[in-house]
Amino acid sequence: MKKTGMLFALGVAVLSCGCISVEEIKQEADAGNVEAQYKMAEMLLAGDGIARNPYKAKEYFNMAARAGHFFAACKFAGLVMNNPNGDESENLRKALNIALSMEVPETLWRKHPIITLPALVAWFANIPVAILTLGNCDIAFGSYKTDEYEVQAELLEKFPIEIVAYAQYLDEEKYEKSASKICQFALSYLQSPKYKDKKKAVEYSITQLQQIVAAQQARKWAEEQRLAEEKRLAEEKRLAEEKRLAEAKRLAEEKRLAEEKRLAEERKKMNDPAYKFPYTDIAKEHIKLYKHLSSGISLDWFVREAKINQKQISSVNGMTEYLSVQLKRSDYPDVEFVFGTETAVAGSEFIKSIGTADTVIPKGGLVACRITFPSGKVTAKDVIGKYSREFPDAKYSRSVKDNKDERIVSGVVIKTNVKDITDVLESGKVRVEIAHREFETEFHDPQNRVDASTLNAIKELSIKDLSRLYNAIAIAITDKMLEKHFIDVTKELKEKARKEEELARKKAVGEALDF
């Protein structure tokens with residue numbers, strides 16, 4: 001068997017027999033043999049077969065302690081506490097972790113070394129305190145055996161008080177797990193049959209330790225209650241949120257279904273010709289005014305269709321000979337729609353009421369459309385051709401109004417004649433008015449103030465500005481049958497209002513003269 005195996009197998013007993021020299025023990029220790037390190041440290045500490053050297057002994061104890069050797073950790077910790085040499089806190093902490101079998105705070109032994117360490121370590125190993133203190137230890141094969149004897153009274157008096165102080169310190173510093181472990185072992189040790197005749201200090205220590213344990217249990221219970229309450233409140237909040245979301249989902253679904261039903265009813269209603277064209281008895285033929293929109297379409301249908309397709313409606317300031325609502329829709333930005341109505345209604349107030357619960361849409365029908373083409377898109381000739389084909393029986397006429405203007409730019413006289421032209425196509429059912437402008441310009445430089453290039457630039461800019469101003473085309477297409485109907489309705493309403501006003505005036509005069 002190799003020497004390393006022998007050392008592990010026979011332990012201290014083999015080493016103590018002198019079969020291996022000090023030099024061989026040192027070689028084994030330096031090679032990493034933990035038992036050899038521990039033996040070498042003891043020999044250096046005691047001066048056994050080698051010159052006494054406590055500092056070197058501390059190094060070997062530390063080597064063995066780092067390898068997990070319990071007794072080496074105890075001895076090393078005792079040497080550091082009793083003979084400190086510089087900052088050895090890290091090594092001390094690691095040794096105490098082995099000796100006390102718990103994680104010791106790194107800063108603890110720097111700022112609060114309150115315990116007689118050999119007594120504490122011995123107590124944790126369940127060895128009578130005096131064994132490490134007095135050296136009465138018979139160690140073999142990694143365990144221990146002792147003779148029964150009484151521990152010195154002085155040490156017994158001191159030891160429990162230090163344990164209480166240490167447990168209190170750890171508890172105050174929030175190392176509750178370590179404090180609890182110390183209290184449990186201490187109470188078990190101090191309440192054993194061996195101490196049935198407890199001295200006063202021991203009884204006091206037991207009381208203090210029990211108070212620490214009780215306080216920890218009370219805190220633990222309070223924390224458990226707090227966490228349970230938090231959990232309960234969180235669960236209540238979760239359930240309330242689930243209930244709220246479920247209710248919101250239910251309401252949203254109800255709203256969705258109601259909206260679907262409403263839209264379905266509106267679509268069904270809009271497909272009803274009698275609803276879409278309420279004035280079929282007046283105009284039996286409906287004239288196409290713009291795209292799919294024909295004269296006679298009801299105002300109600302027009303508004304509802306816009307809402308279904310999510311198109312905005314705005315009012316237009318305009319004047320007609322009859323009661324009307326004049327609107328624009330966002331899907332037809334260049335078109336104004338004129339609806340004749342049978343009651344007076346303000347366009348702006350009507351727009352505000354759309355979408356509200358108390359929206360009241362008066363009975364009305366589409367009479368006319370006004371379409372504006374920006375300059376450059378089409379010519380008046382194109383428009384006249386279109387409507388001439390659609391209404392071949394319509395008669396054509398034209399009116400022209402001249403507007404002459406003269407101005408001077410950089411000495412150049414610019415004469416402009418703007419012609420306001422209205423082309424009309426009219427039959428017994430429809431009237432189409434096409435309003436546009438044409439212009440003529442003359443440029444004169446009587447005093448020759450500008451050169452040819454400047455004169456050309458002035459001409460180009462002037463014509464460009466005039467084209468932008470006057471090339472737009474406005475079309476107004478009207479169903480004459482419906483227009484006449486609403487003019488007549490308006491006249492009747494005005495006459496009725498006049499008669500009522502006259503009767504009211506006469507009544508007021510009669511009441512005033514009754515004296």
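Residues numbered from 1 in each chain as written. Predicted model: local features only at pLDDT ≥ 70, side-chain atom pairs only at ≥ 80, totals over all residues. Heavy atoms only, no water.

Novice: What is the right way to read the overall build of the protein from this model?
Specialist: Check the secondary structure of the protein and you find 18 helices and twelve strands. Residues classed as buried in the protein amount to 37% of the 515 residues present. When the accessible surface of the protein is summed, it comes to about 30,900 Å², and 53% of that surface belongs to carbon and sulfur atoms. (Helix = DSSP H or I, 4+ residues; strand = E, 2+ residues; numbered from the N terminus. Buried < 20%, exposed > 50% of the residue type's maximum accessible area, 1.4 Å probe, protein only. Areas by Shrake-Rupley, 256 points an atom, 1.4 Å probe, with all protein chains shown as cover.)

Novice: I would appreciate a short explanation of the packing of aromatic side chains in the present structure.
Specialist: We describe a pair of aromatic rings using the distance from one ring centre to the other and the angle between the two ring planes. Applying the stated criterion across every chain, the model contains eight aromatic pairs. Where Tyr279 meets Phe486, the ring centres are 5.2 Å apart and the plane angle is 75 degrees; that geometry is what we call edge-to-face. With Tyr279 in the loop between helix 13 (273-276) and strand 3 (288-290) and Phe486 in helix 18 (residues 480-513), this pair connects stretches of sequence that are 207 residues apart. For Phe486, a relative accessible area of 0% gives the class buried. Among the aromatic residues, ring-to-ring pairing joins Tyr290, Phe302, Tyr332, Phe337 and Phe339 into one connected group. Lying over the aromatic face of Phe302, Arg329 brings its terminal NZ or CZ to 4.7 Å of the ring centre. Its end group placed over the ring of Tyr387, Lys386 keeps NZ or CZ at 5.4 Å from the ring centre. (Phe/Tyr/Trp six-rings, centres within 6.5 Å; stacked < 30°, edge-to-face > 60°. Lys NZ or Arg CZ within 6 Å of the ring centre and 35° of its normal.)

Novice: Help me understand the nonpolar core in this model?
Specialist: Soluble globular proteins: nonpolar side chains tend toward being buried together. Core analysis: the largest hydrophobic core is formed by 40 residues, its most contacted members being Phe337, Tyr387 and Val432. Looking at which element gives the most residues to this core, the answer is helix 14 (residues 299-308), with six residues. Not counting residues up to four positions away in its chain, the partners in contact with Tyr387 are Ile371, Leu425, Val432, Ile475 and Ile477. If you look at the next biggest cluster of nonpolar residues, it comprises 24 residues, including Ala29, Ala57, Ala73 and Val80. (Core = buried A, V, L, I, M, F, W, Y, C linked by side-chain atoms within 4.5 Å. Contact = heavy atoms within 4.5 Å.)

Novice: What am I meant to see in the environment of Phe486 here?
Specialist: Between the alpha carbons of Phe486 and Ser324 there is a distance of 8.5 Å; along the sequence they are 162 residues apart. Among all residues touching Phe486, those that are not within four sequence positions of it are Tyr279, Tyr322, Gly340, Thr341, Glu342, Gly365 and Val367.

Novice: Would you explain the sheet that holds strand 7 (residues 332-341) in this entry?
Specialist: Backbone-to-backbone hydrogen bonds join strands into a sheet, with any given pair of strands oriented parallel or antiparallel. The strand order 5-6-7-8-12-11-10-9 describes an open sheet built from eight strands, whose pairing is antiparallel. Strands with a single pairing partner mark the edges of an open sheet, and in this sheet they are strand 5 (313-315) and strand 9 (395-409). Here the strands of the sheet are splayed against their neighbours by 25 degrees on average, with no regard to which way each runs. Sheet analysis places strand 5 next to strand 6 (residues 324-329), joined by three bridges and oriented antiparallel. Bridge assignment links Ser315 to a residue of strand 6, and that residue is Leu327. Docked against the sheet, helix 14 engages strand 5, strand 6, strand 7 and strand 8 (364-373), running at close to 20 degrees with respect to strand 6. (Pairing = 2+ DSSP bridges. Axes fitted to C-alpha atoms, helices over the stretch in contact; angles between N-to-C directions.)

Novice: Hey, could you run me through the packing of helix 2 (residues 22-30) against helix 3 (residues 34-46) in this one?
Specialist: In helix packing, the relevant descriptors are the interaxial angle and the interaxial distance, both defined with respect to the helix axes. The interhelical angle for the contact between helix 2 and helix 3, taken along N-to-C directions, is 130 degrees, at an axis separation of 8 Å. As far as their axial angle goes, helix 3 and helix 2 are oblique. Here the hand of the crossing between helix 2 and helix 3 comes out left-handed. Of the residues in helix 3, those in contact with Val22, Ile25, Lys26, Glu28 and Ala29 of helix 2 are Ala36, Gln37, Lys39, Met40 and Met43. Classifying every residue of the contact of helix 2 with helix 3 gives six nonpolar, one polar and three charged. (Parallel < 35°, antiparallel > 145°, perpendicular 65-115°, else oblique. Left-handed = near helix turned anticlockwise from the far one by under 90°. Nonpolar A, V, L, I, M, F, W, Y, C, P; charged D, E, K, R; others polar.)

Novice: Sorry, what's going on with the packing of helix 3 against helix 4 (residues 54-66) here?
Specialist: One way to put it is that helix 3 packs onto helix 4 with a least axis distance of 8 Å and a crossing angle of 160 degrees. As judged from the angle between their axes, helix 3 and helix 4 are roughly antiparallel. Note that helix 3 runs across helix 4; the crossing there is left-handed. On helix 4, the residues that touch Val34, Gln37, Tyr38, Met40, Ala41, Glu42, Leu44 and Leu45 of helix 3 are Pro54, Lys56, Ala57, Tyr60, Phe61, Met63 and Ala64.

Novice: I tried to follow the pairing of strand 9 on my own but got confused; where do I start?
Specialist: Consecutive side chains of a regular strand alternate in pointing toward one face of the sheet and then the other. Alignment of strand 9 against strand 10 (residues 412-426), held across 15 bridges, turns out to be antiparallel. In the sheet register, Asp402 faces strand 10, and the bridge partner there is Lys419.

Novice: Explain the confidence of the model for the protein to me, please; I cannot follow it from the model alone.
Specialist: Close inspection of predicted coordinates is inappropriate for parts of the model with low pLDDT. Mean pLDDT over the protein: 77, with 76% of residues reaching 70 or higher. Of all secondary-structure elements in the protein, the lowest mean pLDDT belongs to strand 1 (residues 138-140), at 27, while strand 12 (residues 473-479) reaches the highest, 94. Across residues 1-18, where pLDDT falls below 50, the model places 23 contacts with residues more than four positions away in sequence or in other chains. Taken as a whole, residues 121-158 scores under 50 in pLDDT and shows 56 contacts with residues more than four places along the chain or in a different chain. (pLDDT = per-residue confidence, 0-100.)

Novice: How should I be thinking about unusual backbone geometry in this particular structure?
Specialist: Even without a glycine there, the phi angle at Lys291 is positive, about 50 degrees. The backbone of Gln310 sits at a positive phi, close to 55 degrees, despite the residue not being glycine. Take Gln310: it is sitting in the loop between helix 14 and strand 5.

Novice: Where do I start with the pattern of salt bridges in this structure?
Specialist: By the definition in use, this model includes 29 salt bridges. The partner of Arg329 in a salt bridge is Asp331, and the shortest N-O contact between them spans 2.8 Å. For Arg329, a relative accessible area of 2% puts it in the buried group. A salt bridge links Glu502 to Arg505; the nearest nitrogen and oxygen atoms lie 3.1 Å apart. In this pair, Glu502 and Arg505 are both assigned in helix 18, three residues apart and thus about one turn of the helix distant. Assessed through its relative accessible area of 28%, Glu502 is described here as partly exposed. (Salt bridge = Lys/Arg side-chain N within 4 Å of Asp/Glu carboxyl O.)

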